[in-house]
Amino acid sequence: MQAAARLCATTCPYCGVGCGVDAQLSTDAQGQKYLDGVHGTQNHPANYGRLCIKGSKLPETNGLQGRLLSPTIYGQPTSWQQAIDTAAQGFTQAIQKYGPDSVAIYVSGQLLTEDYYLANKLMKGYIGSANIDTNSRLCMSSAVAGYKRAFGADAMPCCYDDLEQTELLVLVGSNAAWTHPVLYQRMERARAINPALKLVVIDPRKTATAEQADLFLPIKAGTDVALFNGLLAYLAEHQGLDQAFIRQHTQGFAATLDCARDWTVAKVAQLCELDSRDIRLFYRWFCNSPSALSFFSMGVNQSSSGTDKVNAIINCHLASGKIGKPGSGPFSVTGQPNAMGGREVGGLATMLAAHLDIQSERDRQLLQQYWQSPAMVKAPGLPALQLFSQMAKGKIKALWIMGTNPMVSLPDRQLVAQALGQCELVVVSDAVANNDTLAFAHIALPACPWSEKDGTVTNSERRISRQRGFLVPAGQAKPDWQILCEFARAMGFSGFDYAHPSDIFAEYARLTGLANQGQRALDISGLAGLTQRQYEQLSPIQWPVNSHNPQGCKRLFSDGHFYTQSGRANFVPLTYQPPKQLTSEAFPWVLNSGRVRDQWHSMTRTGTAPELLQHQDRPWLAMHPEDAAVMGLQEGQLVKLRSKCSGEAQVMLQIKLESSQRRGELFAPMHWNQQFCSHGAIGALFAAVGDPLSFQPELKHAAVAVLPQHFSQYAILLCRNTLSAVQLNQLSQYWLRLPLAGGQCYLLAGKDRPDWQGMLSDWLGAEQGLGRSGQHTGYVALHGQALHWAWQISELPWPVLPSAWLQSMLDNDALDDTELSAWLRAQPPASFMQGRQVCSCFKVHEQAICQAINDGHNSVQKLGKYLGCGTGCGSCKPELAKLVSSQQPASASRLALETQAAIIFQEAI
Ligand SMILES: Nc1nc2c(c(=O)[nH]1)N[C@H]1C(S)=C(S)[C@@H](COP(=O)(O)OP(=O)(O)OC[C@H]3O[C@@H](n4cnc5c(=O)[nH]c(N)nc54)[C@H](O)[C@@H]3O)O[C@H]1N2
Ligand SMILES: Nc1nc2c(c(=O)[nH]1)N[C@H]1C(S)=C(S)[C@@H](COP(=O)(O)OP(=O)(O)OC[C@H]3O[C@@H](n4cnc5c(=O)[nH]c(N)nc54)[C@H](O)[C@@H]3O)O[C@H]1N2
Ligand code: SF4
Ligand SMILES: [Mo]
């Protein structure tokens, strides 16, 4: 019997929107609490009750499946004491022999502020090295560097309310409809309320976000600095400058305008490969609009000129005085749930906690005194790319990776593998038992995920919220802050005796007010005196929180005061620089990369929920249809990708024809990796080059070669067991895993016909089976009348598979002849041929939507009323609009492919 549900208010562990989540708990028959459901917290100012699909599927991804439940040394379970002592000994020995800079910690914007603060305290104040960097280097470091250069502080001026208060929303390098869905829905509502609000989207791809724009600028990848330099020149020539603001609150304007003046609309159009009329319209809107908000993300930051792109945007806001006012400002939206918190506590190798300056002796002394610490850093440490390249050279002897999966997320996967492979001690603390990085761990430490730990996170608008644990730690897992304290104590350090995360928070909050008479933007000293009980009950609040702003502060710079020495904001003169990974004859294609709607990073969480694979079930390479025609490539065909740095590593992806791509530019999702696909990890193609100021890698612009790949056989294998990578590599030369509830589906490709039947029978057993041979060879092994495993082979790449069909084959324990012969004939029953699932909330498929449109439900609203689609989290609304607006639905290509596949299957019978 289930006990009555209980609620716990916490924060979503995914993106930087920072939505409040009410976790609904129940108790099972064994008395164990579990997460039964989630709702958006009604009064949380980040989401007012809304959640996107990733948030609303949190119960499906929160199980024990795949969890790391015990510490291990060389893969063998061991005690915490043994694991911590061994790790601490390894670090201590390396430091004694080679000095403090021979060890490093690589952390994550997915840690809580308290964890993050302690990792920094340990490294920078006790070990005495600044070799601690974070995956936020790959994400936010250009925004940090740009803000510091312009404002003298890493201070994001805007707030979410600005989305409703602006007249012009400019989305630069952001696919918010998929990546910050709750904010995007808020933008959509703001547009509905205020039809005068204009939405401009600047992106090389016509994304789901761009579909809805009033103006879409399909910019040539990497050229944003030129576009914004052009805007500055236009503002100067069209009375768009706020002279009073420039005079009173800024410096460096004349030199900056000199650098930008040459950028006429014609010159911008030529370099950015945009239509002059579109550019002029954008400039005119920005110039004439009383307010403007530039909402930017990875298309800006992940560039070898990322910091310049950020400052090019900021320059225009300063010049027009569109900053520090409602509805105006350069709004860097953060990716990870606590990217902002990490920036506050000094997560990067180039900064100190609480916005103290690592380059300032006074600040270093201040911090050392505060910490009473033995060994304060003297200089910045190695940023992520340099850290791993030094490691590959044998310079880093011991490394601790916490809450990130660098084998998947860093560029130059080969270099990362080499670095980890030869580092003498690799410690990884993670919530899961297997990922591409854990494969290199000598010591693995089980960390509690979001539902089992307590602390705070800061979202994109500087809002600090509590993340509240509601389940007891599974197995032997511990929260990261506790693991850090135990490790520090084992290294012999005092100063790590905290009883509760609220103690850590109080120490950090006090530090932000230390010797801070308004010189540092980050000041939450107003929260330093919270009791544990008040901390438990802390309501979401935006920093600064101090005596001037006891209730927090929505918007920064309203008084025109900045954090530079002079108190004035800096204009930064900018010269356009081309990307560093340039195309050549050998590598003629630009490869862009990013996110899909329903997956999160390396898929350790979202990849376990079959429901989240329904929207996009496999990795792909998006290519313009005309480019594909020139190459003779078809939809679904496998191609191999190479780049200058990829070496022997091979990436293979299926072609996806997308007219939303620019000619010559490709796009691939960043998510897939060795846990899901033999050749899906695209990090192998990106070189470890980055921005000279922020050191952020250029993850949106690789130069690659595309080579068609032919296999003689393509198989689909459905089974209850999970096969090991060794088995899969024996079976095939390419494999892809599609997780299902209670089983797996594998897509396999091979060149010479291996004895699949024999190998599978050996591994999986086959007491009883049905076979079929011919052009479509197939086999089903049964346990009673239930499917044990089954496969089918064809000479064509796999079609889009209706996962409901695959799932029903696994779920049905009394398969009848019709169902078995459908599998053997490789012909999904018509009832399953519904096209792709577009709306994940209400499980509405493409076919039903197209049918409804034909029947007259020809608007997103009407479709919502009729089918429910789009009325949940709303993330699919851009796709619904696209289906409505195209007579011949644009994504019908995939639908057509499915139908076509069915015809091919039928013909083969
Ligand atoms: N579903 C989902 N949501 C997520 C995440 C996730 O993994 N999955 N991760 C979170 C994290 S950590 C982050 S950082 C955010 C990222 O959020 P976004 O930045 O919105 O996502 P991306 O897909 O990485 O890239 C955004 C866009 O930049 C464009 N772009 C590429 N090059 C250029 C260029 O030169 N100029 C311009 N103007 N645009 C360019 C790409 O085409 C892409 O559409 O998402 C967060 N939200
Ligand atoms: N090609 C390409 N590469 C990219 C990007 C891109 O756009 N293109 N984007 C970059 C960006 S913006 C980002 S943010 C990175 C993200 O890349 P990563 O941070 O490397 O990816 P995740 O899959 O989020 O890894 C988080 C790990 O932490 C574990 N974990 C979860 N919760 C906890 C916890 O509470 N404690 C601990 N100790 N572990 C936990 C998860 O199981 C997982 O293994 O990828 C970057 N890489
Ligand atoms: S937008 Fe979605 S992923 Fe981001 S915090 Fe909200 S619910 Fe979580
Ligand atoms: Mo990110």
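Conventions used here
- Residue numbering note: each chain is counted from 1, following its sequence as written.
- Whichever chain is written first is A, and whichever ligand is written first is 1; the rest continue in order.
- Local features in a predicted model are, by the rule used here, given only for residues with pLDDT of at least 70; side-chain atom pairs are given and counted only at 80 or more, and totals for whole chains, interfaces and linings are based on all residues.
- Hydrogens and waters are ignored; side-chain quantities use all the structure's heavy atoms.
- Per-residue accessibility, obtained with a 1.4 Å probe over protein chains only, is compared with the maximum for each type, and a residue is labelled buried under 20%, exposed over 50%, and partly exposed between these values.
- Secondary structure is summarised from DSSP: a helix means a run of H or I of at least four residues, a strand means a run of E of at least two, and numbering begins at the N terminus for each.
- At least two DSSP bridges between two strands are needed for those strands to be called paired.
- A cutoff of 4 Å decides nearness: a residue is near a molecule or strand if any of its heavy atoms lies inside that distance of it.
- In the analysis that follows, any N or O atom pair within 3.5 Å is treated as a polar contact, provided that within protein one partner can donate a hydrogen and the other can accept it, and provided that, for residues neighboring in sequence, both atoms belong to side chains.
- Accessibility throughout is a Shrake-Rupley quantity obtained with a 1.4 Å probe, and a residue counts as covered only by protein chains that appear here.
- Any residue outside Ala, Val, Leu, Ile, Met, Phe, Trp, Tyr, Cys, Pro, Asp, Glu, Lys and Arg is labelled polar, Gly included; the first ten of those are nonpolar and the last four are charged.
- For every domain, the bounds stem from an assignment made automatically or drawn from a database.
- For our purposes a nonpolar core is just a set of buried Ala, Val, Leu, Ile, Met, Phe, Trp, Tyr and Cys residues, chained together by side-chain atoms within 4.5 Å.
- The arc in question is the one spanned by the directions pointing from the helix axis to the C-beta atoms.
- Each axis is a line fitted through C-alpha atoms, and for a helix only the stretch in contact is used; angles between axes span 0 to 180 degrees, taken between their N-to-C directions.
- Contacts: residue pairs with any heavy atoms within 4.5 Å of one another.

Participant: For this particular structure, what's the right way to read the pairing of strand β9 (residues 198-202)?
Facilitator: Working note: regular strand, side chains alternate between the two faces of the sheet. Burial runs high along β9: 4 of the 5 residues are buried. Where strand β8 (residues 168-172) lies against β9, 5 bridges are found, and the strand directions are parallel. Directly across from Val-172, in β9, lies its bridge partner Ile-202. Across 3 bridges, the pairing between β9 and strand β10 (residues 215-217) is parallel. Across the sheet, residue Ile-202 finds its bridge partner in β10, namely Leu-217.

Participant: Looking at this model, I keep getting lost on the site of ligand 2. Mind explaining?
Facilitator: Residues in close proximity to ligand 2 total 33 residues, the closest being Gln-110, Asn-135, Ser-409, Asp-430 and Ser-602. One of the side-chain nitrogen or oxygen atoms of Ser-602 is found 2.5 Å away from an oxygen atom of ligand 2. Here ligand 2 has 920 Å² of accessible area as a free molecule, and 97% of this is covered by the chains. Elements that contribute at least two residues to the shell around ligand 2 include exactly β15 (425-430) and β21 (589-594). Looking at the shell around ligand 2, its residues break down into 13 nonpolar, 15 polar and 5 charged. Mapping the shell around ligand 2 onto the domain boundaries places at least three of its residues in each of domain 2 (72-137 + 338-498) and domain 4 (589-828).

Participant: Help me understand the site of ligand 1 in this model?
Facilitator: Taken together, 34 residues sit near ligand 1, with Asp-203, Gly-222, Ser-297, Arg-595 and Gln-599 positioned nearest. Here a nitrogen atom of ligand 1 sits 3.3 Å away from a polar atom, N or O, in the side chain of Lys-54. Within the backbone of Trp-178, an N or O atom sits 3.3 Å from a nitrogen atom of ligand 1. Relative to its free-state accessible area of 910 Å², ligand 1 is covered by the protein chains to the extent of 99%. Where the shell around ligand 1 is concerned, the elements lending two or more residues are α6 (176-179), α14 (298-301) and β21. Taken together, the residues of the shell around ligand 1 break down into 10 nonpolar, 16 polar and 8 charged. In terms of domain composition, the shell around ligand 1 takes at least three residues from each of domain 3 (141-332) and domain 4 (589-828).

Participant: Honestly, the nonpolar core in this entry has me stumped. Any pointers?
Facilitator: As a rule of thumb, soluble globular proteins bury nonpolar side chains together. Among the nonpolar cores identified, the biggest contains 185 residues, and Leu-227 and Phe-282 are the most heavily contacted of them. In terms of nonpolar packing, the next biggest core, distinct from the first, is built from 47 residues, Ile-396, Val-651, Phe-686 and Val-706 among them.

Participant: Explain helix α29 (residues 846-854) here, please?
Facilitator: Because an α-helix packs 3.6 residues into every turn, residues spaced three or four apart end up facing the same way. Turning to α29, its buried residues are Glu-846, Ile-849, Cys-850, Ala-852 and Ile-853. Buried residues in α29, looked at end-on, bunch into an arc of 160 degrees, giving them a common side.

Participant: Just to check I follow, could you spell out the sheet that holds strand β12 (residues 293-296) for this structure?
Facilitator: By definition, the strands of a sheet pair up through backbone hydrogen bonds, in either a parallel or an antiparallel sense. Read across the open sheet, the 5 strands follow the order β10-β9-β8-β12-β13; overall the sheet is parallel. Each edge of the open sheet carries a strand with a single partner, namely β10 and β13 (329-332). Direction aside, the axes of adjacent strands within the sheet are offset by 15 degrees on average. Relative to the sheet, helix α9 (residues 224-237) contacts β8, β9 and β10, its axis offset from that of β9 by approximately 140 degrees.

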